[in-house]
Amino acid sequence: MATKVVTIDRDQYSKAAGPFGIKAFISGFRVTTSHFLGNLIGWIRGKPTVATVMFPEEHLAKPPAFRGMPVLVEMENGKERCVACGLCEWACPVNCIHIEPGETTDEVERYPQVFDIDMSRCMYCGLCEEACPEEAIVMSDRVEISAFTRAGTLWNKSDLLTPVAQVARRLEHIRRDYDRR
Amino acid sequence: MSEEKPATEEATVRLTIDGLEIEAQPGQMLLQAALDNGVEIPHYCYHPKLSIDGSCRMCQVKVEGGRKLAISCNEPVRDGMVVDTKCDEVKHARQGVMELLLVNHPLDCPICDQAGECFLQDYSHGYGRDHARTTAPRRKGVKRAPIGEHVVFDQERCILCRRCVRFTQEITETDELRVFGIGDHSHIGTMPDAPLNNDYSVNVADICPVGALLSSDFHHKRRVWFLEDTPSVCPSCSKGCNVNVGVFKNEIQRMVPRRNDDVNDTWMCDHGRLRYAFTSDETRVRQALVRNDAGDFTETPFRIALEAAADLIRPSLENPEAFAVIASPHLTNEESFLLADLCNHKIPAGHVTLPVIRGDADGFLIQEEKAANATGTRAMGIEERGDGLRGLAEAIRVGTVKSLLVMGGDALSVPEGEGLLDVLGDLESLILITPNQTPISEHASVLIPGATFAEKDGSFTNGEGRVQWISRALNLPEGVETEGETLSRIKAFLDNAKPEPFDAITTLGKVAESVPEYAHINRAELGADGLLSGIQEAPEPEPEPTEVTASGEA
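Cut-off values and rules
- Residues numbered from 1 in each chain as written.
- Chains lettered and ligands numbered in written order.
- Predicted model: local features only at pLDDT ≥ 70, side-chain atom pairs only at ≥ 80, totals over all residues.
- Helix = DSSP H or I, 4+ residues; strand = E, 2+ residues; numbered from the N terminus.
- Buried ≥ 20, exposed ≤ 12 C-beta atoms within 10 Å, placed from the backbone.
- Contact = placed C-beta atoms within 7 Å.
- Pairing = 2+ DSSP bridges.
- Axes fitted to C-alpha atoms, helices over the stretch in contact; angles between N-to-C directions.
- Domains from an automatic or database assignment.
- Core = buried A, V, L, I, M, F, W, Y, C linked by C-beta atoms within 7 Å.
- Nonpolar A, V, L, I, M, F, W, Y, C, P; charged D, E, K, R; others polar.

Undergrad: Explain the environment of Thr-438 of chain B to me, please; I cannot follow it from the model alone.
TA: All names here are of chain B. Mapped onto the elements, Thr-438 comes out in the loop between strand S19 (429–434) and strand S20 (446–449). In this structure Thr-438 comes out as buried when scored by C-beta crowding, with 21 C-beta atoms within 10 Å. Excluding anything up to four places from it in sequence, Thr-438 contacts Gly-409 and Leu-412.

Okay, here's the thing in structure tokens:
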């Protein structure tokens, strides 16, 4: 294969940056300065409108396509949608899900007695959500999952249950995303 | 049908399926001939061990020259037949069948135990629609009804293939299941006073092509795609039914029969199928125990316990008459061979017994001897010496037997072993090698954990002398070894030699060298179906109750 020689005009970059790179300096600081001033003026007015939030206390709303930790959807009656079919357990590439099925006298006779996710293994791929036939496990916007012990990273069913209202946007998103009817 | 047989009396007929030329036996049905030659024809109601029903219409194929599509399960092969199983006409017919079968199917695969091994699931990928054309609500039926002690019935999922009905009519001949109602109202059921409670009832869950009949033992237990199937042999009686052991996370989840036309066809009894809890329950011995000077058991590393056992046996080298062995019919041929070597040649023990629990036989699969390898253990050279367990108990009482080696706990479960437990305290040393706790351990000087059938490789010889291979399905607890390894190491300690690692395949080679009946046997020859040894203890051939008849056309 013939080698193609590309001549790069390095001067054009240094010219674009201006003498001593002053242009690049100004354009970079324009973003920082506008955020700073926006925050400052907003703070003086009492209603900050820009990106910076006081993180651990305040959170930014994440877009519905964001994949945080997987959670179990809790129905209005306080029970999980999950029927312990085991497809997420099978789909999980890192084997972080463990399910023990059980039997109930409810209309749907099967439920997960145990539903554990080892969050130290989870890699947020979302394959469990894609595999789920019941829309029972979805990727939430929760990301604060660190713990001081290994046992603390094991989330059981009651930890994972999340009311359906909290994940409504994500549910709508995956229905559209996976073209479900 | 007889006029369709080929005029010439040749051994095989030649026919063409989808351009593939195959040979078949005259009188064989087209579906079976195709399946034997690796041509997949979808079917629900056909089962090789049951009579032909022809009710599902799924196996329709186009036979050249035929007026309309033929159901291949009831179409005898003819010489020069040309069959098409893939043309549009056939595909269209199958799509129609699938759509009608799914009209009232609840589609609850996520909660159905059959999902993953369901014919309806498999074929709906090939012939099903992606959505229903019906708008009427699906028919409701009884769900998870206990139709028998071990079987759960879900009427909504049933496709009325009648395999289960034919099973209870032809195999068990108990007639519990039948079709009630007509037309759209047909459903499978039992009479109110006769639930499905026979010794082979769970087989209907195996043959059910959908999730209508399910084993209540496996109900909602584990998805089938998580199970690792290991071919093995049922340990519960001397029939030696071939099984697949389904394992998840080192625990047996279920046992299902594996087809072997020479032994169990495709069936097994409920007793054997449901008896696997002993492999992982709390009675398992998981740690070697040696009695200390104060008389209490102390947990001991496995190797040290073996050394202690060898030290207790060593005095018997000079005084073999005071040594006795209670062998076990649960050991493999290879392990029994090592044990026989120990108690016949190394120490010609005064007493050797082989307690075998006996029960009722039913003339079909359930046999009298409730242990997998009593025949093989005897063939390896474990012969009763010293008047059985009663004689042994007497000898211990009067003090002629001072040292006893016990394999397993069956000795207390046979009628002859009644008084044995009372005299065991008189022994100087008692070495117990057992996978499960038994009252004998109260008197044991050394307790060494053993392995169950699921934890070792080896071979069993069933009651008719068939040698069959079992494979390791479970891992033993850390540091614990099989009886074969234990015996070979104890022997090495007695010899002050370096122990040879026990290997079932090489030991089977040694068996073939020393036991004339096993001369032709080796691991490769055994294959999956086993091989008859030279032993013919019970040569009466089983009456074949499951003959496939061609009379389903009526």
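Further notes follow.
Undergrad: Which parts of the structure should I look at to understand the sheet that holds strand S13 (residues 251–257) of chain B?
TA: Remark on secondary structure: sheet strands pair via backbone hydrogen bonds, oriented parallel or antiparallel. Residue and element names in this part refer to chain B. With antiparallel pairing, 3 strands are arranged side by side in an open sheet as S11-S12-S13. With one partner strand each, in any of the chains shown, strand S11 (228–233) and S13 form the two edges of the open sheet. The average angle at which neighbouring strand axes cross in this sheet is 30°, direction not considered. One ladder, built from 6 bridges, connects S11 with strand S12 (residues 242–248); its direction is antiparallel. Within S12, the position partnered with Asp-229 by the bridge is Gly-246.

Undergrad: Help me out: how do you make sense of the domain arrangement of chain A in this one?
TA: Where interface size is quoted, it is often the accessible area lost as the parts come together. In terms of domains, chain A is made up of domain 1 (11–45) and domain 2 (70–177). Just the C-alpha atoms count here: the centres of domain 1 of chain A and domain 2 of chain A sit 45 Å apart.

Undergrad: Would you explain the nonpolar core in this entry?
TA: Taken as a class, soluble globular proteins show a tendency for nonpolar side chains to be buried jointly. Counting 143 residues, the largest nonpolar core has Val-151, Leu-213, Ala-309, Leu-339, Val-406, Ile-431 and Val-446 of chain B as the members making the most contacts within it. Non-local contacts of Val-406 of chain B, meaning those with residues more than four positions away in its chain, are made with Ile-326, Ala-411, Leu-430, Leu-432 and Ile-440 of chain B. Core analysis: the second largest hydrophobic core is formed by 29 residues, Leu-72, Cys-85, Phe-115 and Leu-160 of chain A among them.

Undergrad: Help me understand the sheet that holds strand S18 (residues 403–407) of chain B, please; the structure alone is not making it clear to me.
TA: All names here are of chain B. A sheet is described by the order of its strands in space; here 7 strands give the open sequence S15-S14-S20-S19-S18-S16-S17, paired in mixed fashion. Edge positions in the open sheet fall to strand S15 (297–299) and strand S17 (351–353), since each of these has one partner strand only. Strand after strand, the sheet turns through a mean of 15° between neighbouring axes, direction not considered. Along the sheet, helix H7 (residues 302–313) contacts strand S14 (289–291), S18, S19 and S20; its crossing angle with S20, the most-contacted strand, is approximately 130°. Against the sheet, helix H10 (residues 388–398) makes contact with strand S16 (323–326) and S17, and its axis sits at roughly 145° relative to S17, the strand it touches most.

Undergrad: Looking at this structure, how should I read the domain arrangement of chain B?
TA: All names here are of chain B. Taken domain by domain, chain B consists of domain 1 (2–99), domain 2 (132–224) and domain 3 (289–451 + 478–519). Distance between the C-alpha centres of domain 1 and domain 2: 28 Å. Each partner contributes residues to the interface: domain 1 has 8 residues there, and domain 2 has 10 residues. Among the residues making up the side of domain 1 that touches domain 2, the classes are represented as 4 nonpolar, 3 polar and 1 charged.

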